[in-house]
Amino acid sequence: MSGSIPFYQKHHRHYDRGYHSKEAQATLSQYKSSSRYTAGSSTSTASRSRGLKVSSHSELDKSRLSPVPKRAKPTYLAVDKENQIIGYVVPIFRGSEEFATGFSNTEVTRVRDTAAYMARRDHFTSGLEMQRSELISRKETMRESAERISMNKRIHDHEEHFKRINKDSLMHPPEFVIKPRSHTVWEKQCVRLHCTVSGWPDPRVVWYKNNVAIDPLVNPGKFKLESRYSVHSLEINRCDFDDTAQYRVSAMNASGEQSAFASIVVKRFKGEIDESLPVPRHGPVSEYGITFKTHIVDTFGVSFGREGETMSLGCTVIIYPSLNRYQPEIEWYRDNVLLTASKWTHMHWSGDRATLTLTHLNKEDEGLYTLRVTTKSGYETYSAYVFVRDADAEVEGAPGAPLDVSCLDANKDYIIVSWKQPAVDRGSAILGYFVDRCEVGTNHWIQCNDTPIKFARFPVTGLVEGRSYVFRVRAVNKTGMSRPSRVSQPVAAMDPADLARMRGTSAPWTGQIIVTEEEPAEGIVPGKPRDLQVTEATKNYVVLSWKPPGEKGLESVMYYVEKCVSGTDSWQRVNTEIPVRSPRFALFDLAEGKSYSFRVRCCNSAGVGEPSDPTEATTVGDKLDIPTAPSKVVPTRNTDTSVVVSWESSRDAKDLVGYYIEASVVGSNVWEPCNNKPVKATRFICHGLTTGDKYVFRVRAVNAAGLSQFSPESEPVEVKAAIASPTPPYGITVLECVRDAMVLAWKQPTFIGGADITGYFVDYREVKDGVPGKWHEANIRAVSERAYRVSDLKENKKYQFQVRAANMAGVGIPSLPSDTFLCEEWTIAVPGPPYDLQIREVRRDSLVLLWKPPVYQGRDPVNGFYIDIKEADAPEEAWRGVNIKPTEKKFLKIKNLKEAESYVFRVRAQNKAGVGKTSDVTEPVSALTKPGTTEIVVDVDDDGIISMNFECAELTAESKFVWAKNYEEITDSSRMTIETKGSKAKAVFNAPGEEDIGIYSCHVTHTDGVSSSYTLSEEELKKLLEISHDHKFPIIPLKSELAVEMLEKGRVRFWLQADKISANGKVDYVFNDNVLSQGEKYKMNFDKNTGVIEMTMDSLTPADEGTFTFQLKDGKATNQSSLVLIGDVFKELQKESEFQRKEWFRKQGPHFIEYLSYEVTPECCVALKCKVGNMKKETSALWYKDGREIKAEEHLGFTEGVLKLEIAQRDSPADAANNDDNLIGRRLKISKKDAGVYEVVLKDDRGKDTSTLNLTDQGFKTLMNEVFSFIANSSTPLKITSTDEGIRLYTFVSYYNDLLQVTWHYKDSAIAFSDRIKSGVVGEQLWLQIKEPTAKDTGKYAIEFNDGKGGLRRTVELSGQAFDDAFAEFQRLKAAAIAERNRARVAGGLPDVVTIQEGKALNLTCNISGDPVPEVTWLKNDREITSDEHCVLKFESGKFASFTITAVSTSDTGKYSILVKNKYGTESGDFTVSVFIPEEAGGKKK
């Protein structure tokens, strides 16, 4: 493998690295060995490694500020005389040994010395000396490397120190000292892009591929990024075609951002086997020696789309023979321009179908699309036109969007944008255009011009050098702004020379490299530029172009442009700051109308050269004029939906973009565009026209200056297919043969030329020994049938035949010669073959087959036919019969077909002798229902006429409707009348009857088999005759019968609504057989849009009692509806009318909207209320009860149109104090005294209204029942409690009323109350007391609230554990009550304090109770005292205890207590005795 050289290195010497000189190889070796060091070196070191001289920092600053630019890198492209790139140039710089070898002077000396020493060593030294010399060489190399590293570090430190001490240089934006270079590489090679970036602070560097940031982690191993000491690199491993792209490196810091671009082109050698493709299979898969036949089927037709939609174009490609893994070359073209995959176009090849998808249609996508399929044997193409209409305008009346936005010229500070004007302005002339720009990678659009411009070119300025932009354009008229155009391709704002340098390696490949020995000459001032001229001039800008000076080998040349106003000698430099590098420049800010001359100077590092010859005086302004209108527009018929339009081009038109064509239906004066993208030819096919309509056309030209006037209108032309002679017939067969004649049959041509075939001509020739003779005419006059008897033949001779078809355009070419037939008489007994098989009414599951009987009947007449069927691609053995029994008809509807399956058919005739020959097989037909297929529709019109109707959308100018009964053409007009109008045909039954029963069919000639049938059975005929009768004697249908309703003011409205009535309908209004008329009493109205018929009367009188009738008539249709108003019905209606009339007058003043009523709130408050209307400030509202006015108090209210009077309120505090439970505001005050007749009177100057509410007797009872209902619903569940007397059942209500009636039940029977069982009310508690309960009292108890309706019952079960618990509690409480009742007590009589004068007698008595009689003890100051003479203590009758002191003294002062005690308890009473001396009392008073 090491000795094998790939073929591309043999045939392409330039790719083999062996073409390098030894010096270049040494340089490459040195670069490889020091690549690690180079990547880590400083900026200056990196510059030197690429052959640039290293200068000090101050020198770099000087060069940066100098008007003379740095020396540009030479471009290594070989060009011809016309500046066309023909190859690459590799210069050899003989005078720069350092650049060629990559060694410094010291290194060269060392290498030479080492080489001489090694030569002597080979002859005179030993192995030890050789090792010593190698060691010395290594030491020298290491020492020199250390010196270089030390020097680089000192330089780097010096630069950093200089940055810190120099404020102006402390921060500066990124700058590419060395920019990445473009590369063209072979597939599977590796490539590396390098750049060196300066800037402070250190810039952040990001690499982009087609403006998408590169992330090495997304494709591990594919990309490798390195950044060391301001040197940045991007390495791409094993390049493939997808790596062909534009790469951008962006450097950014706080001071700004800069970008540099480089392109990589990946190429593959033709014929090389791609290792990534699968290994070819063994066998005959190579296309060598094989002839391929390509067929493009299932094609797309002329297509119409709208902007923004998605469209797919596809074709099926059949290649024979079919080889596995063989793929043809599939290419798509638009207007003969090869399309490539993009976000707008997606291409797909599935192995047998090619598809092109236009993802987002724009007018740029309009054009002729061609599919080209290429094989080794040749190629096949198919083409069709795609039209793209404008999208609906965002603002109604706004123009269409411009199209084809592109960039004519680009430089670092401007880009000239051009576009094409739209064809549609929607009736308002376009005022101009707005240009928008957007930087690539953002979504921020900026409008570039403040006012609309009319010229279709505009220079965009204010761009950032190195950035890429896209553009779009919008048109504006007085109505509004159009949608924006499709965005342009990205374009970089760069000097063209820089752009050409970056893209130089991607120039067209020529297969050779031109090696020159020239090098740039330094120190030579360039000469004059040549051929300076103004290439474009508008009022906005002027574009100059020139050729570089003739000297070759000059150092990189740049240019200064100067201008001078005509008539002066003052030359002014335009680009004073930076000279341009490319020989093309655009000037702006020139005064419109002034004349200028221009000249150019060359410059390089040696200086500025002489100026070029000045241009002629150029006046600033739009030199391009709007083109003149085209002329002589001639339309020509093409197809049934298209017309060919040709015209003469505009005269003296400059920079013509193309033409727009418009069409208008004659008489409509509405013009529609035929194309939305200008066409440059003077002939165009206008598609999408309506068959049968007449059109006129007009054309206008367009260039950058604008649209021309319209051409004169063409002559009208009717849209229908052009007539041509028919194609040849085919399928010639023999139907019968006798001794001297043969009957032939053939099939109709596949294309009849757009006109009916008028006849056929048959030729024959004799064949002798396989050699055909001359052709002879068999018939002079054309035959209309597709069968003909050729006579005057010779028996037992062989003949061939050919047939030609003729129409009004002429006689077509003859068919291919038929098979050779022997002329001999047929004697077989069975019939000959049927012929002229036709297929009609093809649907997804059925079709109809027609045929003609055989000409040769055989021995006996034909008595039936058999039909055979098989799939089109099935073998002969697959034929099967459709019918088991023979059919005598010459047609058959074949059902149960499989959808989308393709079938063929044949027919055999039968007679008594048997089944005869089979007919020719039909052409394959697919069981599909075509889109737009219609069926025969049976209709019965308003006159009762029965007709069959058929419509054809594919009608051509020559098409005819052919009606048939039982598939035999109807020629007798006695039973049916045929009418045809446009695309519709009608077959009318003259007098429908049983003889009309049958199968009716209609087929349309000159179409793709449009046909349909309808079976008229006996039942269907009967239904149609019934409908016909109803239509002949029609009745106007009614949605509603005559009705009456009451309107305001007591007016009466009679009305009905007809379901369907025309504008000619009439109505008669009849009362008791008398026709009424419009007048003061009767107001009539007939709304024919809704069918509502009405009559109104202001009031009803006794004379209006009777029958009202509305009689309707609409043409032949009639109807009527009556309403009888007599007796009680009339009286009730009259009464209601009077009432409504009074109501209307009542409501003219203050009135009641809702009359007086009452409501009971959940709190059981009762309030009277009424809703009033039409009130004003002066209106008074008076309340009355039983005729006496109710004075205004708190309980009267009027809010939001509602008057209120509360008649049941809460108790006042004074009244509540008298209640047993002493609760304020709890018991309701409503009682029988609130019963009465309440009345409210509203009155003011407009009138008065009264509302009365009777709350007496039943009214009051009903009110109270509602109150009771609220009380009952508020009751709590019945509960059980115990007292010292017995068991109590109780419930609570929220509110209680004395009128409330309740009933207590025991075991569903009302309880008879006694001393032992009592009921009562305490506050809101209702209770039932059972004294001394026993087991007999157990059972179900209930309390029933009576509310006049159904009442409400609460129940509780007093039994079981509930009774036991309650009874035990009763016993406990009873015992406690006895104890409480019998315990010792001091009932009263003792004061709290006794103040007595000394010497007086004190006698206190208190009552003592208790059973048994308590013991009494007296205490003084908590010490027991006994009775004596001074203090007498007595306890008499067991009830009275006395305390007596005969003469009190001061010693009697103290706290005294009486203590009583028995077995049930103890109680005490306390009092204090205070004795005073009288003298002390007198002193106190003083």
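J.: For this particular structure, what's the right way to read the overall build of the chain?
T.: Secondary structure assignment for the chain yields 15 helices and 102 strands. Evaluated residue by residue, the chain yields a buried proportion of 41% over its 1486 residues. For the chain, the share of sequence-separated contacts (at least 6 apart) that also reach a separation of at least 24 residues comes to 65%. Looking at the chain as shown, the accessible area adds up to about 81,700 Å², and 50% of this sits on carbon and sulfur atoms.

J.: How do you make sense of the sheet that holds strand β17 (residues 345–349) when you look at a structure like this?
T.: Backbone-to-backbone hydrogen bonds join strands into a sheet, with any given pair of strands oriented parallel or antiparallel. Read across the open sheet, the four strands follow the order β12-β14-β18-β17; overall the sheet is antiparallel. Looking at strand neighbours, the two that pair on one side only are β12 (293–297) and β17, the edges of this open sheet. Adjacent strand axes in the sheet meet at a mean angle of 20° when their direction is disregarded. Where β12 meets strand β14 (residues 311–320), five bridges bridge the pair, whose relative direction is antiparallel. By the bridge assignment for β14, I296 is matched with V317.

J.: Any chance you could explain unusual backbone geometry here in plain terms?
T.: Outside of glycine, negative phi angles account for most residues, and trans bonds account for most peptide bonds. Cis geometry is found at the peptide bond from Y320 to P321, where omega equals 0°. The residue P321 is located in the loop between β14 and β15 (329–334) in this model. Note that the residue after D1411, namely P1412, is joined by a cis bond; omega there is 5°. The residue P1412 is located in the loop between β96 (1402–1409) and β97 (1415–1420) in this model. You will see that A900, though not glycine, has its phi angle at about 75°, which is positive.

J.: How do you make sense of empty space enclosed by the protein when you look at a structure like this?
T.: Empty space among the atoms becomes apparent when a probe as large as a water molecule is rolled across them. Here the structure, examined in full by the defined rule, presents three cavities of 30 Å³ or more. By volume, the largest cavity amounts to about 40 Å³. Surrounding the largest cavity, E307, D390, A391, A393, P399, G400, A401, R426 and R483 form its lining. Its residues placed into classes, the lining of the largest cavity shows four nonpolar, one polar and four charged.

J.: For this particular structure, what's the right way to read the sheet that holds strand β13 (residues 303–306)?
T.: Taken in spatial order, the five strands of this open sheet run β13-β20-β19-β15-β16, and their pairing is mixed. Sheet topology places β13 and β16 (337–338) at the edges, where each strand pairs with a single neighbour.

J.: What's the story with the packing of aromatic side chains in this structure? I'm lost.
T.: The geometry of an aromatic ring pair is captured by the separation of the ring centres together with the interplanar angle, meaning the angle of the planes. Summed over the entire model, instances satisfying the criterion amount to 34 aromatic pairs. Taken together, a centroid distance of 5.4 Å and an interplanar angle of 65° make the contact between W746 and Y760 edge-to-face. Of this pair, W746 sits in strand β46 (residues 742–747) while Y760 is found in strand β47 (residues 757–768), placing the two residues 14 residues apart along the sequence. Here W746 matches Y760 in class, with each residue buried. Taking the centre distance of 5.5 Å and the plane angle of 10° together, the rings of Y1456 and F1471 count as stacked. Pair noted here: Y1456 is in strand β101 (residues 1454–1462) and F1471 is in strand β102 (residues 1465–1476), with a separation of 15 residues, a long-range link. Among the aromatic residues, those joined into a ring-pair cluster are F304, Y385, F387 and F684. Above the ring of F710, the side-chain terminus of R698 is found at 3.6 Å from the ring centroid. Sitting above the plane of the W879 ring, R906 keeps its charged end 4.2 Å from the centroid.

J.: Help me understand the pairing of strand β70 (residues 1038–1046), please; the structure alone is not making it clear to me.
T.: Looking along a regular strand, one sees side chains alternate from face to face of the sheet. In this sheet, strand β71 (residues 1052–1058) lies alongside β70 in antiparallel orientation, the contact comprising six bridges. What sits directly across from A1043, in β71, is W1055. Between β70 and the antiparallel strand that follows it, β71, lie five residues; K1049 among them carries a positive phi value of about 65°.

J.: Hey, could you run me through helix α11 (residues 1127–1146) in this one?
T.: Because an α-helix completes one turn every 3.6 residues, residues spaced three or four positions apart along the sequence face the same direction. In this model, α11 (20 residues) spans 29 Å end to end at C-alpha, consistent with the 28 Å of a helix rising 1.5 Å per residue. Here α11 has its buried residues at F1130, L1133, Q1134, S1137, E1143 and R1146. Where α11 is buried, its residues contact β70, β71, β77 (1117–1125), β78 (1151–1160) and β85 (1247–1255).

J.: Where do I start with the pairing of strand β66 (residues 976–981) in this structure?
T.: Pairing of β66 with strand β67 (residues 984–989), which is carried by six bridges, proceeds in the antiparallel orientation. Bridged to I978 within β67 is A987.

J.: Even after reading the chapter, I still don't get the pattern of salt bridges, so can you show me in this structure?
T.: When the charged atoms of two side chains with opposite charge come close together, those side chains can pair. According to the stated counting rule, one finds 56 salt bridges in the structure shown. A salt bridge links K930 to D1008, with the nearest nitrogen and oxygen atoms 2.4 Å apart. Here D1008 lies in the loop between β68 (998–1004) and β69 (1011–1016) and K930 lies in the loop between β61 (925–926) and β62 (937–940), a separation of 78 residues in the sequence. For K930, a relative accessible area of 36% puts it in the partly exposed group. The shortest N-O distance in the salt bridge between E1369 and R1372 comes to 2.4 Å. Separated by three residues within a single helix, E1369 and R1372 lie in helix α14 (residues 1360–1382), roughly one turn from each other. Taking the relative accessible area as the measure of exposure, E1369 reaches 29% and is therefore partly exposed. Of the residues examined, R1372 reaches a relative accessible area of 47% and is grouped as partly exposed.

J.: Where do I start with a negative patch on the surface in this structure?
T.: A cluster of acidic residues, D740, D792, E795, E824 and E825, forms a negative patch on the protein surface. With respect to the helices and strands, E824 occurs in the loop between β53 (821–822) and β54 (835–840). Judged by its relative accessible area of 37%, E824 falls in the partly exposed class.

J.: Sorry if this is basic, but what is going on with the environment of S605 here?
T.: Mapped onto the elements of the fold, S605 is located in the loop between β34 (595–604) and β35 (607–611). For S605, a relative accessible area of 41% translates into the label partly exposed. Sequence spacing of S605 and V525 is 80 residues, and the spatial spacing of their C-alpha atoms is 8.0 Å.

J.: Looking at this model, I keep getting lost on the nonpolar core. Mind explaining?
T.: A general feature of soluble globular proteins is that nonpolar side chains tend to end up buried together. Counting 47 residues, the largest nonpolar core has L1168 and Y1341 as its most contacted members. With seven residues, helix α13 (residues 1258–1273) is the single largest residue contributor to this core. Residues in contact with Y1341, not counting those within four places in the same chain, are L1278, L1289, H1305, Y1306, I1311, L1328, I1330, R1354, T1355, V1356 and L1358. Listed in part, the 26 residues of the second largest apolar core include M1084, F1110, F1130 and L1133.

J.: Teacher, can you tell me more about the side chain of R700 here?
T.: Relative to the elements of secondary structure, R700 occurs in strand β42 (residues 694–703). Buried within the structure, R700 lacks any salt-bridge partner; E662 is the closest side chain of opposite charge, at an N-O distance of 4.1 Å. At 3.4 Å, the side chain of R700 and the backbone oxygen of A423 are in polar contact.

Rules and cut-offs
- Residues numbered from 1 in each chain as written.
- Predicted model: local features only at pLDDT ≥ 70, side-chain atom pairs only at ≥ 80, totals over all residues.
- Heavy atoms only, no water.
- Helix = DSSP H or I, 4+ residues; strand = E, 2+ residues; numbered from the N terminus.
- Buried < 20%, exposed > 50% of the residue type's maximum accessible area, 1.4 Å probe, protein only.
- Contact = heavy atoms within 4.5 Å.
- Areas by Shrake-Rupley, 256 points an atom, 1.4 Å probe, with all protein chains shown as cover.
- Pairing = 2+ DSSP bridges.
- Axes fitted to C-alpha atoms, helices over the stretch in contact; angles between N-to-C directions.
- 1 Å grid on protein atoms, 1.4 Å probe; cavity = no way out; pocket = protein on both sides within 12 Å on 5 of 7 lines; lining within 4 Å.
- Points joined across faces, edges and corners; volume = space filled by probe spheres on them.
- Nonpolar A, V, L, I, M, F, W, Y, C, P; charged D, E, K, R; others polar.
- Phe/Tyr/Trp six-rings, centres within 6.5 Å; stacked < 30°, edge-to-face > 60°.
- Lys NZ or Arg CZ within 6 Å of the ring centre and 35° of its normal.
- Expected span 1.5 Å × (residues − 1).
- Salt bridge = Lys/Arg side-chain N within 4 Å of Asp/Glu carboxyl O.
- Patch = residues over 30% accessible without salt bridge, like charges linked within 9 Å, V, L, I, M, F, W, Y side chains within 5 Å.
- Lys, Arg positive; Asp, Glu negative; His and termini not counted.
- Charge placed at Lys NZ, Arg CZ, Asp CG, Glu CD.
- Core = buried A, V, L, I, M, F, W, Y, C linked by side-chain atoms within 4.5 Å.
- Polar contact = N/O pair within 3.5 Å; in protein donor to acceptor, adjacent residues only side chain to side chain.

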